[in-house]
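Structural overview
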Amino acid sequence: MAQRARVLIDSRDERGLVYRVSKVFFDYGLNIDSNREFVDKEAGKFFMRSVVTGDFDEKNLLVKLQNVVPEGANVRVITPRRKKIVIMATKESHALGDILIRHADGELEADIEAVIANRDVLRDLVERFDIPFIHIPADGLSREEHEAKVLVELQKYNFDVIVLAKYMRILTPTFVARYPGKILNIHHSFLPAFIGANPYKQAYERGVKIIGATAHFVTEDLDEGPIIAQDVIPVNHRFDWKDMQRAGRDVEKVVLSRALNLVLNDRVFIHGNKTIVF
């Protein structure tokens, strides 16, 4: 019976790599449904994502591929499956609501295990979708104390990705280190950049003409992790700051869901502090 696998390879670049990998697929009698590759010439790094179908043993195919790529290469043979995600939120509903609707409509190749929030505001929204809502108040707790409670809940689930859907708390380096490459975040991105309270009002006061959003992996550096997806929309003098905020929320939710889908479909390679997205 035909199987399907996503083959992901990142390694030192070498001449003939595409040929050698493709020959393994041919010798194994596999059909290449899609294939993308990229070489970062400055870093001398090779990236490849192939989708193959046929009759194969996953472990045996992995060994055969490892034998034809440079030493130290990272090779993954992934059988497509519905992944599991946990969402963390605070009180803004737009990013969370978009993911919940896409999940309900079957647009996400994932199951939502739970939503964890430091406010109780979004409980009714989440429970309408028959998804567990866990409220863990942060009032009077240090970041470390609050995260210890969150970790107790997270350990109850076997998940692939944590999505920060406008989770308005800064995660500690200790928390982030537990889930490298597994935490996604979304934030506004303006030109110029505005930080602090009410960035949309600041943008309005500066007469910004473009607003947008950036979805990225979370690292110890606040909002500076490898970028997965971005988008912008034009605004003009007719927009007041509340109009900008509404427009910004629209682009935030779309970009976050786009980034999540890319990760769920194994299309993202982390390459230092940037990504290669196929």
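Residues numbered from 1 in each chain as written. Predicted model: local features only at pLDDT ≥ 70, side-chain atom pairs only at ≥ 80, totals over all residues. Heavy atoms only, no water.

1. A few points about the pairing of strand β8 (residues 161–165)
The element β8 is extensively covered by neighbouring structure, given that five of its five residues are classed as buried. Residues V161, V163 and A165 line one face of β8 and the alternating positions I162 and L164 line the opposite face, and both faces are buried. Looking at chain direction, strand β5 (residues 83–89) and β8 are connected through five bridges and run parallel. The residue bridging M88 from the neighbouring strand is L164, located in β8. The pairing of β8 with strand β9 (residues 183–190) spans three bridges and is parallel. Paired with L164 across the two strands is N185, which belongs to β9. At this point the chain moves from β8, through helix α6 (residues 173–178), to the parallel β9, and the crossover so formed is right-handed. (Buried < 20%, exposed > 50% of the residue type's maximum accessible area, 1.4 Å probe, protein only. Helix = DSSP H or I, 4+ residues; strand = E, 2+ residues; numbered from the N terminus. Pairing = 2+ DSSP bridges. Right-handed = clockwise from strand over helix to strand, strands pointing away.)

2. Some remarks on the environment of T90
For T90, the position within the fold is in the loop between β5 and α3 (94–104). Separated by 26 residues in sequence, T90 and I116 place their C-alpha atoms 8.5 Å apart. Setting aside chain neighbours within four positions, we find T90 in contact with A117, N118, R119, L122, K166, Y167 and M168. In terms of polar contacts, T90 uses its side chain to reach the side chain of N118, at 2.8 Å. (Contact = heavy atoms within 4.5 Å. Polar contact = N/O pair within 3.5 Å; in protein donor to acceptor, adjacent residues only side chain to side chain.)

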